[in-house]
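# A structural walkthrough
Take a look at the letters that make up each chain.
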Amino acid sequence: MKTYFFLLSLLVSSFVCAQNNQIVNTEDGRRVLLKADFTWEYIDGQSSLTSIKTPLKADTGCNLASDFKEPALNSKIQAQLKKGRATISHVKAKVAKDNNCTIEDVLLLSVSEQKSKATYQFCANGIPVAYKRIGNTIIKKQDIF
């Protein structure tokens, strides 16, 4: 019985060790997480090497009309969010910081907003990005599946 238990534990531990993720560095200095399910993702959002960034135009990747106007927000909800520092100006500041651009380069494309949560679609420096707010916490929206 001890032999069977030992072999079973050895077999289970070998499966656990075989499922480890690996971290590797690319040629440009970014770290990549190689997962056991044959997928990968960047660990560092930025390259560790210094690179020259070319400024993008605001309409490069978002395909906006020339007469585009940002959607109006509910003033009552924005007044309630002022205490928690989660108004649209705070969200735009976070988007600008995350995308290395100025607040003027961030355009609000669409919004679905309630008092407790919201979903925002932005065009940040020519790149469409999505953010969500839960309470007063603002995070980048990521698609899991």
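Residues numbered from 1 in each chain as written. Predicted model: local features only at pLDDT ≥ 70, side-chain atom pairs only at ≥ 80, totals over all residues. Heavy atoms only, no water.

### Topic: the overall build of the protein chain
Counting its regular elements, the protein chain contains three helices and seven strands. Seen in sequence order, the protein chain has helices and strands lined up from the N terminus as α-β-β-β-α-α-β-β-β-β. Across the 145 residues of the protein chain, 21% fall into the buried class. Taking all contacts inside the protein chain whose residues are at least 6 apart in sequence as the whole, residues at least 24 apart take part in 37%. Surface exposure of the protein chain reaches about 11,200 Å², of which carbon and sulfur atoms provide 57%. (Helix = DSSP H or I, 4+ residues; strand = E, 2+ residues; numbered from the N terminus. Buried < 20%, exposed > 50% of the residue type's maximum accessible area, 1.4 Å probe, protein only. Contact = heavy atoms within 4.5 Å. Areas by Shrake-Rupley, 256 points an atom, 1.4 Å probe, with all protein chains shown as cover.)

### Let's talk about the sheet that holds strand β1 (residues 22-25)
As a general point, the strands of a sheet are linked pairwise by backbone hydrogen bonds and lie either parallel or antiparallel. In spatial order, the strands read β1-β2-β3; together these three strands make up an open sheet with antiparallel pairing. For this open sheet the edge positions go to β1 and β3 (40-42), each flanked by a neighbour on one side alone. Sheet twist, expressed as the average angle between the axes of neighbouring strands with direction ignored, equals 25°. In this structure, β1 lies alongside strand β2 (residues 31-34), joined through four bridges in antiparallel fashion. Residue pairing across strands places I23 opposite L33, the latter belonging to β2. (Pairing = 2+ DSSP bridges. Axes fitted to C-alpha atoms, helices over the stretch in contact; angles between N-to-C directions.)

### Some thoughts on the confidence of the model for the protein chain
Confidence along the protein chain averages 79 in pLDDT terms, with 82% of residues attaining 70 or more. Counting interchain partners and residues more than four positions distant, the pLDDT-below-50 stretch residues 46-59 has 16 contacts. (pLDDT = per-residue confidence, 0-100.)

### Examining the sheet that holds strand β7 (residues 137-140)
If you trace the four strands from one edge of the open sheet to the other, you get β4-β5-β6-β7, paired in antiparallel fashion. Two strands close off the open sheet at either side, each with one partner strand: β4 (106-113) and β7. Sheet twist, expressed as the mean angle between neighbouring strand axes with direction ignored, is 25°. Summarising the sheet, β4 and strand β5 (residues 117-124) pair through seven bridges and their orientation is antiparallel. In the sheet register, V111 faces β5, and the bridge partner there is Y120. Relative to β5, helix α3 (residues 88-98) is tilted by about 50°, and along the sheet it contacts β4, β5, β6 (127-134) and β7.

### Brief notes about α3
Turn by turn, an α-helix covers 3.6 residues, leaving residues three or four places apart pointing in a common direction. Residues of α3 that are buried include every one of I88, V91, K92, V95 and A96, and no others. Taken around the axis of α3, the buried residues stretch over an arc of 135°, which confines them to a single face. Buried residues along α3 sit against α2 (75-81), β4, β5, β6 and β7. (Arc of directions from axis to C-beta.)

### Some details on the packing of aromatic side chains
Taken as a whole and assessed by the stated rule, the structure comprises three aromatic pairs. Their ring planes at 75° and their centres at 6.4 Å tell us that F122 and Y131 sit as a pair that is edge-to-face. Since its relative accessible area comes to 0%, F122 is described here as buried. Owing to a relative accessible area of 0%, Y131 belongs among the buried residues under this scheme. (Phe/Tyr/Trp six-rings, centres within 6.5 Å; stacked < 30°, edge-to-face > 60°.)

### Comments concerning the pattern of salt bridges
This model, assessed by the stated rule, comprises three salt bridges. Across the salt bridge formed by K94 and D98, the nearest N and O atoms sit 3.7 Å from each other. Here D98 and K94 lie together in helix α3, a separation of four residues that amounts to about one turn. For K94, a relative accessible area of 31% translates into the label partly exposed. Note that E113 and R133 form a salt bridge whose closest N and O atoms lie 3.9 Å from each other. On the criterion of sequence distance, the pair formed by E113 in strand β4 and R133 in strand β6 is long-range, its members being 20 residues apart. Exposure remark for E113: the relative accessible area of 17% places this residue in the buried category. (Salt bridge = Lys/Arg side-chain N within 4 Å of Asp/Glu carboxyl O.)

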